[in-house]
Each structure stands twice: as C-alpha cells, then as structure tokens.
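Chain residues, written in single-letter form:
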2 protein chains.
Amino acid sequence: MKQGTRTARVIDAVRRKITSRALEPGEKLPSIRGFAATMNVSPSTVVDAYDRLTSEGVIHARRGSGFYVADSTLPFAVTEVGPSLDREIDPFWVSRQSLDAGPDMVKPGCGWLPAEWMPNASMRRAIRQLGRADDALLSDYGSTRGALNLRRLLARGFAEEAIPAGPDQILLTASGTQAIDLICRLLLRPGDAVLVDDPCYFNFQALLRAHQTQLVGVPFTPNGPDTELFEQALIKHKPRLYITNSALHNPTGATISPQIAHKVLNMATAHDLIVVEDDIFAGFEPDRSPRLASLDGMDRVIRIGSFSKTLSASVRCGYIAARPDWIEALIDLQVATNFGGPSPVAAELIYATLSDGHYRKHMEALRRRLAGCRSETGARLAGLGITPWLMPRGGFYLWCQLPDGADATEMARVALAKNIVLAPGNVFSVSQAMAGFMRFNVSQMGGPEIYDILNRALKGKT
Amino acid sequence: MKQGTRTARVIDAVRRKITSRALEPGEKLPSIRGFAATMNVSPSTVVDAYDRLTSEGVIHARRGSGFYVADSTLPFAVTEVGPSLDREIDPFWVSRQSLDAGPDMVKPGCGWLPAEWMPNASMRRAIRQLGRADDALLSDYGSTRGALNLRRLLARGFAEEAIPAGPDQILLTASGTQAIDLICRLLLRPGDAVLVDDPCYFNFQALLRAHQTQLVGVPFTPNGPDTELFEQALIKHKPRLYITNSALHNPTGATISPQIAHKVLNMATAHDLIVVEDDIFAGFEPDRSPRLASLDGMDRVIRIGSFSKTLSASVRCGYIAARPDWIEALIDLQVATNFGGPSPVAAELIYATLSDGHYRKHMEALRRRLAGCRSETGARLAGLGITPWLMPRGGFYLWCQLPDGADATEMARVALAKNIVLAPGNVFSVSQAMAGFMRFNVSQMGGPEIYDILNRALKGKT
C-alpha cells in the first residue's frame, strides 16, 4: 500500500470517530504511537494524517499536550466542507461527483441508467394524461399514506411474493433513501449498532452516519452475508437493524441463496434483529429470487423500494411495507419531517407508467440489453486485468477486482481529471478493505476509448 | 375547565415528558399528589390520567411503588399508535385529520386553499410543456442543489429583498418542512433548546420533538415576539435556534414590525442565536413587510420557503437560502437522507408556472378574493362571539378568541363528529395556554350552514 493511501486511511478513521461521536468536540485524540499501533501503520503516517486534519481545521494541536478534536460550530457536519474536486474520497464523493457531473463527463461510477434507456415514452403518455387530471390531484397535499392506486398496485405485487401487506401497510415516501431514513428515525438511537454488508451501497453508510449509529460490516459472499461472521457480529454488537439488498446486491450484483436467507432470518429472530430489505433492483431480475420479507411474512422484515432505477429518478417516489403499528408511527414521522409523503403528482405518474401496456415490454428489452452489456463490459475489463468478482444475474453493476497492487481510490482521482467518475471499492466498505475493487456501471461506459483511459489510470498515468 | 379537559391536559403533559425524554422508558412518574400540585389539578384528575395512560400501555403501575414509563419496543415513537378518530388532539391531530379527510368533510382547520383556487391553468400549461422535455429531465436525479433555473429565479427575488444569496447559496428541497428538518439535523442535537412563537405552526412542534429538542415558547404579540420575554428566554435557555414566520405568521396572521425585527436580530447576535425565517406565506402579502433575512444579510438568518400554499402542494418543492458553508453541509445531509433534492420534474413545473405570464394576475385576483373572505368570515364569526385576535394584512388564516369559557379542543371533537376538521388553539401552543383560541381558514368554511354547526359545537352540542 502506498504512503498516501495509508495516510488517507488514518484520516478516514479519525473522521469516522468524530462523525460517530466516538470522539467528541474538544476531546483528545489517541497518541501518535498508540494510534499507529492500532492502525498498523508507522508513527510518521499518523503524524502526516494529524497534520492534514489540523490544516483542515478538523483537529488542533496543543503544544506539549497532543491533538484535540476542534470545537465545531456545527454540531453535526457529516464531512468537511470544501470544493468537491479536492474532497476526500468518502461515501459522498461518488454521489456528489455523479449527481453534479457535467454533460461532458463519463460516469461508470454512477448508480443509474442513461436517460435514453428509461421508459420515457410511457412517462410522456403519463404526463399527457396528467394534464387532464382533477384540480385536486394537481394541487392538494394528498393523503398521509400516499396515493391509494399505487399502494394497491404494490400490494398486488406483494401478494405474488406471498408477502402479507395490504395497501394500509404501505407508506409511500419521497424516495427509497427517505424510506430508510424514516425507519432509522423510528427504530434507531445514536450509538446503536447497525449491520451492513461489506461491501454495501455507500449511501447506507452516509445515512447511518447521519443517524450517528455504529456501523458494523459483515463480509459478503456471492450467496449473501457470511453467516458465521453475521452471528458473531450479532453476539458482539447486539445490532438493532440489518440493511441489505437480497437481490442484485449493490455493489456486487450477488443474490442471496435460500439457505442463507433462511439462516439470516433465524438469526434475526434469535437475536431480536430487525431487517430492512431494500428491493430497489428487483425489476432487473430475470426471475424471482429468495426474499427475506417473503420468508418472514412482515414480522421483523421491513420492505422498502423505489422506482428510481427502473422508471424515473426525476419523478421520485419510494415506499415502505411494514407491520401496521410501525406504519402508523412512520406516518407521524413523515408528517413531522416532510408534511406528508411523496408528491401525489409523482405517485400518479409512476402509477400511470407502471400500468401502461408498454412498460413490461420495455423492461424485457432492457434486461436483454443489460445482459449483453454485462458480458461485453466484463470481457473488455478482463482484457485490462480487471476481473468481475461474479457475473450477476441482472442489473447494471459489475463489481471487479483490479490487478495486483492497483489502488482504486488513486485510479478514481486520476480518472476524474479525465472527466470520468469512477466508484472505488473503499467507498462501499466499512472495513476499508476494498482498495483493490471497483464498481462499474455497464450502461455508463461511454465509447470504446474509456478502456484506454482506464488502462492508463490503472497505471497511475494521466 | 371541565374534568375531561383537565385529565387531557395531564395526559398531554405526561406524553410530552416521554416524547421529550424528560422521562425515559422504565423511569418512575411523579407522585400523584406532587404532580397534582404541579399541574394545579386535583389528585383524582392525575389518577384518571395515569389510569388512562396505563390502559393505553404508555405507562404501567407497580403495586405499592407507583407508575412507570413503559419499556417501549420503539425507542422513538412520537406519539401513540391508534385509530385516528380516537387519538389525542396533539400537534399531529390537525395534520392527519386534514390530510386524510374525505371529500365530504369541511376543513376550516386545514392549512391550504381549495384546489380550485390554485393556479391550475398555469400548472396545466407547464405539464403540457413537460411532455416535450428532454429524456434527461424526465428520468435523471438532477444536480445536488436542484434545478438551476428555479434557483436563479429565487435569487432574483432575493436580490429585490436585498438578501445577498446567489443561486449557489440556494438549496432546493422536497418541501418547506424538509428544509427545516435538514437545518435541524445540521444545527441541533437532542436536548438543545429551540425558541418558537407561542402560538406557532403546530408542525414546528412535531418536527422539533422528532429532533428531541426542548421547545421554549415566546408569547407572540400583534407585532412579533414579545421582545422582553424573548431576551429572558435567551438568557435562561440559551437556545441555538429560533423558528418563525416574519410575515403573515401562522396561526395569527401577524407581521413583525421593523422595530421588533431589528431588536430580535440584535438579541440573536448578542446571544449567538440562529434564526430560521419561514417565508411560506410571502406570496399572500399585499406589499412587502420587514424580513429578518434582509436586515441580517444572510449571516445568522436562514431563509426557507416553499410553493405549497401559492402554487401546488402536490408538486412539492421547498428551498433553503443560507451561508455557503451551511449549504455545502446541507447538500451532504440531503444526499445522505434523500439522495438529492426535489424531483427535477417538480422543480421544472414550479419554474414554468412561476414564469407563466398568467401567474401574477392569478395571485392578484387571489389576494383580492382572500381579503373579501377574511372580512366576511370575520364578521360572521363575530356574530357567534368568536372574535379575530387581529385582522391580518393577507393570507387565509383568522386566529380567533372563543367566547368566555369555550374550550377549543372540546369544540374540535364535537365538530369532527359532524365531519368538520377544526384547528384548536392548543395544538399551536407550547404553553398549552390557547384553549380559548381557534384558527380558521377563511377559504375552507364550506357553505353558510357551517356557522350553525360551529354555534352548536361551541355550546358542546352535537
């Protein structure tokens, strides 16, 4: 590992202690020698890290006494404030680079399809219908649970999955992320432990840090979480919640096996763990795979999802399906924090698009197209020594191992200077053990010249 | 005061202690005799209240030892869970009754205009344009700050107010409520004191309780907060934040005077208080009134607003204008908790409607119409002995004093049985001293028969 990477790892560890409040403002940092031993780096690396954090104002030195966390005027800043090009490659880095990327950028690191691959024709038909809707639909807040027609449509899908959740047990939300946020507000307190997969979707980490929870990563296998380590984590950390994607897991594209699903649910029951199953990639599956919510029957599993990946991220809408008492409490929380659910106009557009006769055909064609892209991109990347960890059954992600010694974070920095946004492995990793991995979006590879640029970035050349 | 009301007041006080965590799960409640003295009620009233809370599972009795807060399985339930007709009249009561009201209900208690009073013609034109928009607008997440055209339009408005906030200092949000929620996440920790007006918008209370802050009410005068009591509260509680509407205050309709605005800002500076100025009713003003954000120039005042009252609550969009460093931190928080801002489609519809040539004329006509409604409703209510506290310069609220001895909460209960949703004074009041007040929405009075029903409800008759 290069010196720069080691320093970054120490900086990140300190930041994490501050944002998780393991270190409070004004508190003394670990000694240089002690922290060097903990992090398994040389004392000079810790000195470098502390110096850099000092120059950023995150910590300050007191002569002869050591380093202290700065008294921030913001009690809770999730990260430092600064121009986005200079910022640390943290879980926000990929989000902000991808969301704010100019039209000239290529974004293999982003988490969505190109706009022209989306069901825009169905959406335009839905918009034309909307122009003829009642005044009330166009201007009122809508009911607290969200549009009934969309909840009914979702409930029919749940019935096919044998998930016992009627329309009253479904709450529409402004987005899938907001769905998880509401659940965190209801079920978590600062300091609670939460299990996530290692690797997992980077924004789970950002969100859970915003709730000041303690993240515990469980290594992910091609068939789901490592059950032995999962149980050890349950015993050691007594987590309240586990957040996962059972199907087409982000970033790996893996799908949980029936045996692991069954084991995970048994362990959850034995240790009183609540599971949030984020089903956001379900529409990309070629056929149905196991679901924790189906096995559990809506007791300790909460199902969330959204339409942002398959239908539109501009017309935002997510949902939560859960026990009736939780739904009631979540409604209050959504009223308090957003005065109700998603835009009724958004829910109507989603409903109309999903009900449009052409939508199913569009999705079939999209799945075929993505299957082609996965093979092609996989083969081309393999030519550079970048090898997929597994070949997913569906979706647009390839989670890849870089050639020996290559550092994904460095590669992402180099690529950004060439207007390419990458998603380096460690932004997905609580343990920060994924420096040799990269997530690629097979639908966002741009032209063939990208492989040349990736090859140069891999070698650290700009 | 009737026995039922006294019991409800004690129940409410206990609930408040639990939700604010003044009483933790498992903790012992005050003794019956002691709490009776504190609340200035008879011990039997406290017994009644404790019995009722016991039957609801909120507390439980231990033989010979007293009453204890139940160990909730939900660490944070803002209120009890239950069918909405039975629920306590708390700050959520009006929200949920109004949002979920059927088409047969009359809603003088709600906080919005009838759908047919909104600029639907302009909105329909905007929707037709949207059908011809780029694929990217229809399907992509959009940038982290939200649509640039809408931020530019807002910035031009700020320039007219002499508020120095360019488009980069503006963050679009999913709603006005979510704007305040993000600010609370950034600036507040559990236990922090927050100043609100007494009375204030009930959802400020719900939101601030969701953040587990300590609410401090400052009595509101027809010209703004009582400055003497404001300063006392600053000294005593050292609040971090003050949330207010400077213009057409909710629920009173009052507007801050230049002198009080100046004093409040000086006190804020002296005591390092941050002010959130919610400008949501600005569009209803006949002419511009003083603003804290204008006096302050975006140093310690944060401006928030939304288009839900004037344009559409279905097409939701709010905004925050604040110091650049706060905006940067708020962007991260919005990415973490909602993966970006409002729907780009919503922002585009808002922008197109605001830019539509007919919108200004629509608002002029609406202001005239509301002025007529305010006089007419005021006169009719006065005929029942219900007198406006002041006659607002604009907007749709009348904050009214009920005849001597009438209890607004009881009246709201009686009216609900007649399919009328009212907004009783105490849901707006941190001190719970507004039992004799009621907020009426002059645009939602239904037909003339409502005055008859109000008269009967006033007398406790169904």
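Cut-offs used in this document
- Residues numbered from 1 in each chain as written.
- Chains lettered and ligands numbered in written order.
- Predicted model: local features only at pLDDT ≥ 70, side-chain atom pairs only at ≥ 80, totals over all residues.
- Heavy atoms only, no water.
- Helix = DSSP H or I, 4+ residues; strand = E, 2+ residues; numbered from the N terminus.
- Rg over C-alpha atoms; globule rule 2.2 N^0.38 Å.
- Buried < 20%, exposed > 50% of the residue type's maximum accessible area, 1.4 Å probe, protein only.
- Contact = heavy atoms within 4.5 Å.
- Areas by Shrake-Rupley, 256 points an atom, 1.4 Å probe, with all protein chains shown as cover.
- Lys, Arg positive; Asp, Glu negative; His and termini not counted.
- Charge placed at Lys NZ, Arg CZ, Asp CG, Glu CD.
- Salt bridge = Lys/Arg side-chain N within 4 Å of Asp/Glu carboxyl O.
- Polar contact = N/O pair within 3.5 Å; in protein donor to acceptor, adjacent residues only side chain to side chain.
- Phe/Tyr/Trp six-rings, centres within 6.5 Å; stacked < 30°, edge-to-face > 60°.
- Lys NZ or Arg CZ within 6 Å of the ring centre and 35° of its normal.
- Axes fitted to C-alpha atoms, helices over the stretch in contact; angles between N-to-C directions.
- Parallel < 35°, antiparallel > 145°, perpendicular 65-115°, else oblique.
- Nonpolar A, V, L, I, M, F, W, Y, C, P; charged D, E, K, R; others polar.
- Least-squares fit on C-alpha atoms with pLDDT ≥ 70 in both.
- 1 Å grid on protein atoms, 1.4 Å probe; cavity = no way out; pocket = protein on both sides within 12 Å on 5 of 7 lines; lining within 4 Å.
- Points joined across faces, edges and corners; volume = space filled by probe spheres on them.
- Pairing = 2+ DSSP bridges.
- Core = buried A, V, L, I, M, F, W, Y, C linked by side-chain atoms within 4.5 Å.
- Expected span 1.5 Å × (residues − 1).
- Domains from an automatic or database assignment.
- Buried area = accessible area lost by both parts, 1.4 Å probe.
- Disulfide = S-S within 2.5 Å.

> How do you make sense of the overall build of chain A when you look at a structure like this?
Helix and strand content of chain A: 17 helices and 14 strands. For chain A, the C-alpha radius of gyration of 23 Å lies close to 23 Å, the compact-globule estimate for 462 residues. Taking the principal axes of the C-alpha coordinates as reference, chain A spans close to 70 × 50 × 45 Å. Here chain A holds 462 residues, and the buried ones make up 62% of them. Taking the contacts inside chain A whose residues are at least 6 apart along the sequence as the reference set, 73% of them involve residues at least 24 apart. Surface exposure of chain A reaches about 16,700 Å², of which carbon and sulfur atoms provide 51%. Between the mean site of the 51 positive side-chain charges and the mean site of the 47 negative ones, chain A shows a separation of 3 Å.

> I'm lost on the interface of chain A and chain B in this one. Help?
One frequent convention defines the size of an interface as the accessible area lost when the parts assemble. Chain A puts 83 residues into the contact, and the matching count from chain B is 83 residues. At the junction of chain A and chain B, the tally comes to eight salt bridges. Residue Asp332 of chain B pairs with Arg96 of chain A through a salt bridge whose shortest N-O separation is 2.9 Å. At the surface where chain A touches chain B, the tally comes to 40 residue pairs in polar contact (both at pLDDT 80 or more).

> Before we go on, may I ask you to explain the packing of aromatic side chains in this structure?
Applying the stated rule across the entire model yields 34 aromatic pairs over all chains. Here the aromatic cluster, defined as three or more aromatic residues joined through ring pairs, consists of Trp112, Tyr201, Phe202, Phe204, Trp399, Phe428 and Phe437 of chain A together with Tyr141 and Phe339 of chain B. One cation-aromatic arrangement involves Arg323 of chain A over Trp326 of chain A; the distance from NZ or CZ to the ring centre is 4.0 Å.

> It is not clear to me how the packing of helix α8 (residues 176-187) of chain A against helix α13 (residues 324-338) of chain A should be interpreted in this structure. Could you clarify?
Pairs of packed helices are described in terms of their axes, by the angle between the two and the distance that separates them. All names here are of chain A. It is at 10 Å that the axes of α8 and α13 come closest, and there the two elements cross at 110°. One finds that α8 runs roughly perpendicular with respect to α13. Here α8 contributes Gln178, Leu182, Ile183, Arg185, Leu186 and Leu187 to the contact with α13, which in turn contributes Trp326, Ala329, Leu330, Leu333, Gln334, Thr337 and Asn338. The residue inventory of the contact of α8 with α13, partitioned by class, reads eight nonpolar, four polar and one charged.

> Teacher, can you tell me more about the side chain of Asn441 of chain A here?
Residues and elements named next belong to chain A. Residue position: Asn441 is located in strand β14 (residues 437-441). When its relative accessible area of 0% is taken as the criterion, Asn441 is described as buried. At 2.7 Å, the side chain of Asn441 and the side chain of Ser443 are in polar contact. What Asn441 contacts, discounting residues up to four positions off in sequence, is Pro108, Cys110, Gly111, Trp112 and Phe396.

> Would you take a moment to explain the relation of the copies chain A and chain B for this structure?
Put simply, the second copy of the chain is the first one after a rotation about an axis and a shift along it. Once chain A is rotated about the relating axis by 180° and shifted along it by 0.0 Å, it coincides with chain B to within an RMSD of 0.2 Å. Taken together, the rotation and translation describe the operation of a two-fold axis. Most of the interface of chain A is mirrored in chain B, where 100% of its interface residues again form contacts.

> Help me out: how do you make sense of empty space enclosed by the protein in this one?
Space left empty within the atom packing is revealed by a probe, the size of a water molecule, rolled over the atoms. Scanning the entire structure with this criterion turns up 13 cavities of 30 Å³ or more. Taken as a whole, the largest cavity holds about 280 Å³ of empty space. Taken together, 29 residues make up the lining of the largest cavity; nearest its centre are Thr177, Tyr201, Ile280 and Lys309 of chain A together with Tyr141 of chain B. Of all the secondary structure elements, the ones that give two or more residues to the lining of the largest cavity are α4 (91-99), α8, α9 (202-210) and β9 (301-306) of chain A. The element that contributes the greatest number of residues to the lining of the largest cavity is α9 of chain A, accounting for four residues.

> What am I meant to see in the sheet that holds strand β11 (residues 387-388) of chain A here?
Residues and elements named next belong to chain A. Spatial ordering of the open sheet is given by β11-β12-β14-β13, a layout of four strands whose pairing is antiparallel. Strands at the two margins of the open sheet, each flanked by one partner only, are β11 and β13 (423-424). Pairing analysis gives two bridges linking β13 to β14, with the strands arranged antiparallel. Bridge pairing links Pro424 to Met438 in β14.

> Would you take a moment to explain the nonpolar core for this structure?
Nonpolar side chains in soluble globular proteins tend to be buried together. In this structure, Ile302, Ile320 and Leu454 of chain A together with Ile302, Ile320 and Leu454 of chain B are the most contacted members of the largest nonpolar core, which totals 288 residues. If sequence neighbours within four positions are ignored, Leu454 of chain A has contacts with Leu381, Leu384, Met411, Leu422, Phe440 and Met445 of chain A.

> Sorry, what's going on with α8 of chain A here?
For an α-helix, 3.6 residues make a turn, and residues three or four places apart therefore share a direction. When the terminal C-alpha atoms of α8 of chain A are compared, their 17 Å separation across twelve residues agrees well with the 16 Å that a helix rising 1.5 Å per residue should span. Of all twelve residues in α8 of chain A, twelve are buried, a share of seventy percent or more.

> Please clarify how the domain arrangement of chain A should be interpreted in this entry.
Residues and elements named next belong to chain A. Assigned domains within chain A: domain 1 (3-69), domain 2 (91-117 + 360-458) and domain 3 (120-355). Counting from both sides, the interface comprises 28 residues of domain 2 and, opposite them, 33 residues of domain 3. Roughly 2,500 Å² of surface becomes buried between domain 2 and domain 3 when both sides are summed, with 62% attributable to carbon and sulfur atoms. Ranking the residues of domain 2 by area buried against domain 3 places Arg393, Phe428 and Val430 at the top, with a combined share of 27%. For the pair domain 2 and domain 3, the number of links is two salt bridges. Where Glu285 meets Arg393, a salt bridge forms, and the shortest distance between an N and an O atom there is 2.8 Å. Summed over the shared surface of domain 2 and domain 3, the result is twelve residue pairs in polar contact (both at pLDDT 80 or more). Mapped by element, the contributors of at least two residues to the side of domain 2 that touches domain 3 are α4, α15 (359-383) and β12 (397-401). For the side of domain 2 that touches domain 3, the residue count by class is 18 nonpolar, six polar and four charged.

> Got a minute to help me understand the pattern of salt bridges in this structure?
A side chain with one charge may pair with a side chain of the opposite charge, provided their charged atoms come close. The full count for this structure, using the stated rule, is 40 salt bridges over all chains. Between Glu364 of chain B and Arg360 of chain B there is a salt bridge; the shortest N-O distance is 3.1 Å. One end of the pair is Glu364 of chain B and the other is Arg360 of chain B, both in helix α15 (residues 357-383) and four residues apart, which spans about a single turn. The class of Glu364 of chain B is partly exposed, set by a relative accessible area of 31%. One salt-bridge network, in which partners are shared between bridges, spans Glu161, Glu277, Asp279, Glu285, Asp287, Arg288, Arg291, Arg303 and Arg393 of chain A.

> Can you walk me through the sheet that holds strand β14 (residues 437-441) of chain B in this structure?
Backbone-to-backbone hydrogen bonds pair the strands of a sheet. The strands run either parallel or antiparallel. Residues and elements named next belong to chain B. On the basis of which strands lie adjacent, the open sheet formed by four strands has the order β11-β12-β14-β13 and antiparallel pairing. Two strands bound the open sheet, and with one partner strand each, they are β11 (387-388) and β13 (423-424). The sheet contact formed by strand β12 (residues 397-401) and β14 spans five bridges and is antiparallel. In the sheet register, Tyr397 faces β14, and the bridge partner there is Asn441. Running over the sheet, α15 touches β11, β12 and β14 and is turned about 20° from β12.

> I keep staring at the state of the cysteines and nothing clicks. Help me out?
Disulfides are covalent bonds that link the sulfur atoms of two cysteine residues. Residues and elements named next belong to chain B. Counted according to the given criterion, the structure contains zero disulfides over all chains. For Cys200, which is in no disulfide, the shortest distance to another cysteine sulfur is to Cys184 and amounts to 12 Å. The class for Cys200 is buried, based on a relative accessible area of 1%.

> I keep staring at helix α14 (residues 344-355) of chain A and nothing clicks. Help me out?
All names here are of chain A. With twelve residues, α14 should cover 16 Å at 1.5 Å per step; its first-to-last C-alpha distance of 16 Å lies within 8% of that length. Among all positions of α14, only Pro344, Val345, Ala346, Ala347, Leu349, Ile350, Ala352 and Thr353 are buried. Looking at the buried positions of α14, the neighbouring elements they touch are α5 (120-130), α6 (135-139), α7 (148-160), β3 (170-173) and α15.

> It is not clear to me how unusual backbone geometry should be interpreted in this structure. Could you clarify?
Keep in mind that most residues, glycine aside, have a negative phi and that most peptide bonds are trans. With an omega of 10°, the peptide bond between Asp198 of chain A and Pro199 of chain A qualifies as cis. With respect to the helices and strands, the residue Pro199 of chain A is situated in the loop between β4 (193-198) and α9. Following Asn250 of chain B, the chain continues to Pro251 of chain B via a peptide bond in cis, the omega torsion being 15°. Along the chain, the position of Pro251 of chain B falls in the loop between β7 (241-244) and α11 (258-270). In this structure, Asn40 of chain B is a non-glycine residue whose phi angle is positive, near 60°. Mapped onto the elements, Asn40 of chain B comes out in the loop between α2 (32-39) and α3 (43-55). With a relative accessible area of 69%, Asn40 of chain B lands in the exposed category. Phi angles above zero are rare outside glycine, and Ala162 of chain B is one such case at about 65°.

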